[in-house]
Structure formats: structure tokens, C-alpha cells
Protein chains: 2
Amino acid sequence: MFKYGEGGVAGWSTLCGAVNGAAAAICLVAGDAWEDLVNELMAWYENNPFPSDTSNQYAREKAFLVKEMKSDKTLPQSVAKSTLCHVSVTEWCKKSGYKSFSKERSERCGRLTGDVAAFTVDMLNRHFDKAFTPVAKISNEVQSCRSCHDKGGTIENTRGKMNCMPCHDDPHKKPKS
Amino acid sequence: MFKYGEGGVAGWSTLCGAVNGAAAAICLVAGDAWEDLVNELMAWYENNPFPSDTSNQYAREKAFLVKEMKSDKTLPQSVAKSTLCHVSVTEWCKKSGYKSFSKERSERCGRLTGDVAAFTVDMLNRHFDKAFTPVAKISNEVQSCRSCHDKGGTIENTRGKMNCMPCHDDPHKKPKS
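Parameters and conventions
Residues numbered from 1 in each chain as written. Chains lettered and ligands numbered in written order. Predicted model: local features only at pLDDT ≥ 70, side-chain atom pairs only at ≥ 80, totals over all residues. Heavy atoms only, no water. Helix = DSSP H or I, 4+ residues; strand = E, 2+ residues; numbered from the N terminus. Contact = heavy atoms within 4.5 Å. Areas by Shrake-Rupley, 256 points an atom, 1.4 Å probe, with all protein chains shown as cover. Lys, Arg positive; Asp, Glu negative; His and termini not counted. Charge placed at Lys NZ, Arg CZ, Asp CG, Glu CD. Domains from an automatic or database assignment. Buried area = accessible area lost by both parts, 1.4 Å probe. Salt bridge = Lys/Arg side-chain N within 4 Å of Asp/Glu carboxyl O. Polar contact = N/O pair within 3.5 Å; in protein donor to acceptor, adjacent residues only side chain to side chain. Nonpolar A, V, L, I, M, F, W, Y, C, P; charged D, E, K, R; others polar. Phe/Tyr/Trp six-rings, centres within 6.5 Å; stacked < 30°, edge-to-face > 60°. Lys NZ or Arg CZ within 6 Å of the ring centre and 35° of its normal. Axes fitted to C-alpha atoms, helices over the stretch in contact; angles between N-to-C directions. Parallel < 35°, antiparallel > 145°, perpendicular 65-115°, else oblique. Left-handed = near helix turned anticlockwise from the far one by under 90°. Least-squares fit on C-alpha atoms with pLDDT ≥ 70 in both. Patch = residues over 30% accessible without salt bridge, like charges linked within 9 Å, V, L, I, M, F, W, Y side chains within 5 Å. Expected span 1.5 Å × (residues − 1). Buried < 20%, exposed > 50% of the residue type's maximum accessible area, 1.4 Å probe, protein only.

Along its length, chain A carries seven helices and two strands. Its helices and strands taken in sequence order, chain A reads α-α-β-α-β-α-α-α-α from the N to the C terminus. Each of the three principal axes of chain A carries a C-alpha extent, and together these read 55 × 50 × 30 Å. Within chain A, residue pairs in contact and separated by at least 24 positions form 57% of the contacts whose partners lie at least 6 positions apart. When the accessible surface of chain A is split by element, carbon and sulfur atoms take 54% of a total near 9,300 Å². Across chain A, 24 positive and 21 negative side-chain charges occur, with their mean positions spaced 5 Å apart.

Moving on, we get to the domain arrangement of chain A. All names here are of chain A. Domain assignment breaks chain A into domain 1 (2-134) and domain 2 (138-171). The distance between the C-alpha centroids of domain 1 and domain 2 comes to 25 Å. Facing five residues of domain 1, the contacting portion of domain 2 comprises four residues. Taken together, both faces of the contact between domain 1 and domain 2 bury some 420 Å²; the carbon and sulfur share is 56%.

Taken together, the contacts link 52 residues of chain A with 52 residues of chain B. A buried area of about 4,800 Å², summed over both sides, lies between chain A and chain B, and 65% of it is on carbon and sulfur atoms. The largest share of the area that chain A buries against chain B comes from Trp12(A), Phe101(A) and Arg159(A), three residues that together contribute 20% of it. At the boundary of chain A and chain B, one finds zero salt bridges. At the junction of chain A and chain B, the tally comes to 27 residue pairs in polar contact (both at pLDDT 80 or more). Broken down by element, the side of chain A that touches chain B gets its largest block of residues, seven residues, from helix α2 (residues 34-47) of chain A. Looking at side-chain class alone, the side of chain A that touches chain B contains 23 nonpolar, 18 polar and eleven charged residues.

With that settled, consider the packing of aromatic side chains. Throughout the structure, instances matching the rule amount to 13 aromatic pairs over all chains. With a centroid separation of 5.1 Å and 45° between ring planes, the pair formed by Tyr45(A) and Phe50(A) is classed as tilted. Chaining the aromatic ring pairs together yields one cluster made of Phe2(A), Tyr4(A), Phe2(B) and Tyr4(B). A cation sits over an aromatic face here: Arg105(A) above Phe101(A), 5.9 Å from the ring centre.

The next subject is the packing of helix α4 (residues 85-96) of chain A against helix α5 (residues 103-128) of chain A. Residue and element names in this part refer to chain A. Put simply, α4 and α5 touch, their axes get as near as 11 Å, and they point 125° apart. Viewed along their axes, α4 and α5 adopt a mutual orientation that is oblique. Pair α4 / α5 crosses with right-handed handedness. Taken together, the residues of α5 that come into contact with α4 (itself represented by Ser88, Val89, Trp92 and Cys93) are Glu104, Arg105, Arg108, Cys109 and Leu112.

Overlaying chain A on chain B yields an RMSD of 0.0 Å, the required transformation being a rotation through 180° with an accompanying axial translation of 0.0 Å. Here the transformation between the copies is reduced to the relation of a two-fold axis. Most of the interface of chain A is mirrored in chain B, where 100% of its interface residues again form contacts.

Another point: a nonpolar patch on the surface. A grouping of Met1(A), Leu28(A), Val29(A), Phe128(A), Met1(B), Leu28(B), Val29(B) and Phe128(B) is seen on the molecular surface, where their side chains present a nonpolar patch of about 790 Å² in accessible area. Taken together, the elements giving at least two residues each to the nonpolar patch come down to α1 (17-29) of chain A together with α1 (17-29) of chain B. Turning to its location among the elements, Leu28(B) is positioned in helix α1.

Structurally, Ser88(A) is set in helix α4. Each C-alpha atom, one on Ser88(A) and one on Ser102(A), is 15 Å from the other, the two residues being 14 residues apart in sequence.

A cis amide bond, omega -10°, links Phe50(A) with the succeeding residue Pro51(A). Positionally, Pro51(A) belongs in the loop between β1 (49-50) and α3 (53-60). A positive phi angle, near 55°, is found at Lys130(A), a position not held by glycine. For Lys130(A), the location among the structural elements is in the loop between α5 and α6 (140-149). Notably, Ser13(B) is not glycine yet its phi reads approximately 70°, a positive angle.

What follows is about α5(A). All names here are of chain A. Compared with the 38 Å implied by 1.5 Å per residue over 26 residues, the 38 Å span of α5 between its first and last C-alpha is a close match. Residues of α5 that are buried include every one of Glu104, Arg105, Glu107, Arg108, Arg111, Leu112, Asp115, Val116, Phe119, Thr120, Met123 and Leu124, and no others. Lining the buried residues of α5 we find α1, α2, β1, α3, β2 (78-79) and α4.

The next subject is the side chain of Arg105(A). Checked against the element boundaries, Arg105(A) lands in helix α5. Buried within the structure, Arg105(A) lacks any salt-bridge partner; its nearest side chain of opposite charge belongs to Glu156(B), at an N-O separation of 7.5 Å. Here Ser100(A) takes part through its backbone oxygen, which lies 2.6 Å from a polar atom of the side chain of Arg105(A). Apart from the residues lying within four places of it in its own chain, the contact partners of Arg105(A) are Val89(A), Trp92(A), Cys93(A), Lys99(A), Ser100(A) and Arg159(B).

Structure, rendered in C-alpha cells:
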């Protein structure tokens with residue numbers, strides 16, 4: 001059912017497919033706790049360096065359960081800054097120097113998917129062990145944008161908890177004189 | 001299972017939840033045709049004015065099967081330009097003058113969800129009647145961006161079929177002299 005998630009929905013590069021599937025899995029099992037757990041997943045994804053050291057190590061040791069690896073190299077890591085495929089891939093290409101349709105980028109997304117699945121399973125286990133405490137926090141930078149543009153703000157013309165900066169940079173900066 | 005889609009995934013304002021659920025439904029029933037159909041849905045969503053005349057009419061006539069309506073007014077229409085909740089909502093707020101957490105905006109998203117479900121069912125019916133022909137086309141503007149930045153381009157540093165302009169405007173414009 002979740003084939004459509006690949007490439008951020010059929011190659012459109014919107015929501016990362018790893019997050020999409022993991023969020024659905026959370027909703028299937030976690031009842032009313034889904035919102036806190038999905039929120040935590042989204043915030044973690046935005047700020048975690050991918051692929052993790054663990055998945056780089058699994059790759060070097062050929063410990064992944066795949067028939068053929070696209071690369072067994074240790075891949076460079078980047079922080080996605082966003083749960084959008086488009087931003088996540090671009091940040092990694094900028095950091096790593098690899099092209100967006102290289103086999104290394106494809107392998108990077110495979111390892112990232114493993115990282116997201118592992119984080120989600122661990123978080124769900126903690127939740128069911130009553131040992132889960134959310135740590136996700138909206139950054140001061142985004143909170144500052146939201147104070148005018150989001151719910152209750154004087155402008156209130158949008159919504160969202162995403163990091164604003166990858167698209168908007170500093171929208172209120174003065175033009176250079 | 002798809003509760004997490006609300007507000008573009010738990011209020012993060014990424015992929016519109018109406019599209020997310022509809023794409024999953026397509027994958028459940030359409031076999032290998034899923035990609036063409038989901039692609040068509042994404043392109044249609046980016047370019048269709050929401051809420052449709054039909055759903056505005058249903059609302060006026062109280063024909064929606066909901067216990068209580070948030071508003072039965074004819075709501076202003078806007079083209080989302082994006083399948084991202086954040087952009088879709090902002091474009092509508094700019095066009096309509098309503099705030100992003102107003103009951104009218106919430107009602108607009110409800111009507112849009114009906115529009116997306118209706119389009120999807122109709123498209124699936126056409127598909128199973130062997131009467132579906134994809135009409136989605138990547139715009140010349142986006143094709144021009146992709147010719148350098150996407151697969152096979154000299155830069156090849158990203159991926160995606162999304163409309164580039166809502167975030168990037170004209171990134172190559174010369175600074176004003």
C-alpha cells in the first residue's frame with residue numbers, strides 16, 4: 001500500500017516516504033498517543049544526521065538483509081532540516097557531493113529508511129513500556145515565525161511546525177543598501 | 001490509520017492529508033497502474049481551484065453527510081500551486097482573506113477532501129473501465145528547472161516534480177541594479 005510514498009509520493013519529492021510509512025505504522029498500534037509519537041518522529045527526522053553511524057556500520061559489514069547493496073561505502077551524513085524529500089535529498093547532495101540520482105544517494109535513502117524504522121520501533125517499545133517522554137521542541141527561530149503567522153498570531157495566514165528556513169531564509173531581512 | 005495525515009502530518013503542514021489518504025487507496029486497488037494514477041492526482045491537486053463549485057453547492061444545500069457544518073457559505077476558491085498543506089492553506093488565506101485557523105479555512109479543507117475523494121473515485125472508475133488517459137504534464141517552467149537540477153542535468157542536485165515557484169520564485173534573477 002505504501003509504494004506511493006517513494007520519492008516523496010511517486011517522485012514528487014514531498015513528504016519523505018520513510019516517515020510516511022512509519023507514521024502510518026504508529027497510528028495502527030498506538031491509539032490516542034499517535035500524535036505525540038508522530039510529532040516526535042517528525043522533529044527527530046528534521047534534526048538527525050542521516051545515514052546514522054549504525055547504518056553506515058551495518059552497510060560496511062554487509063549486515064543489511066538485502067540481496068544486493070547499491071554501495072557498501074561509509075556515506076557522508078547530513079541533517080535533512082526538513083521532512084520533505086526534496087530538501088532532505090538536496091541537503092545530502094550538497095554535503096556529500098554526490099548527484100541526486102547516483103547509486104550512493106539511493107543507498108543513502110535506503111539506510112535512512114532503516115534508521116527511521118529503527119527509531120520508530122524503539123520509540124513504540126518505549127511508549128508501551130511507559131518509558132517514552134517527548135523531547136521534540138519547536139526551535140526558537142520557528143516559534144518566532146509562528147508567533148505572527150500561525151494560530152493566534154496577528155497575521156495568522158498559515159500553519160505548520162516545519163522548519164521555515166530551508167524555503168524562506170530570512171524573509172524580513174532588509175535589502176542590501 | 002490515516003489520522004496522522006491531518007494538517008499535513010500531525011500539524012506539520014507537509015503533504016496534504018487528503019492526497020495522502022487518496023494515494024494509499026489508489027495503491028490498494030490499482031496494481032502497477034498506481035504510479036500514473038497518483039501522479040495524475042498530484043498534478044490535478046496543484047492546479048485545481050478548491051473548493052470546487054460542486055462542493056460549494058453541496059455545502060449550500062446541506063447535502064454533505066456531516067452532523068454539523070463549520071460553514072454553509074460559498075467559500076472563495078484558490079489554486080493550491082502545491083500538494084503541501086502549508087502552501088495550499090496559505091494560498092487560500094491570501095485569496096480569501098480568512099485566517100488559517102478560522103472555521104471557514106477548516107471547512108475549506110473539509111470540502112477539498114471531498115473534492116479529492118471524488119476525483120480519485122472517478123479516476124479509478126475510468127481506470128477500471130479502461131477509459132483513463134493521463135493528462136498531467138510538468139509545466140515548461142518546472143521542466144526548465146529540472147533540465148539542470150534533476151536527473152541527467154549538469155547539476156543534478158535534487159529531485160521532484162513539484163512546482164518550484166512557490167518556494168523559489170525566480171532563483172536566477174539578476175539583483176536589481
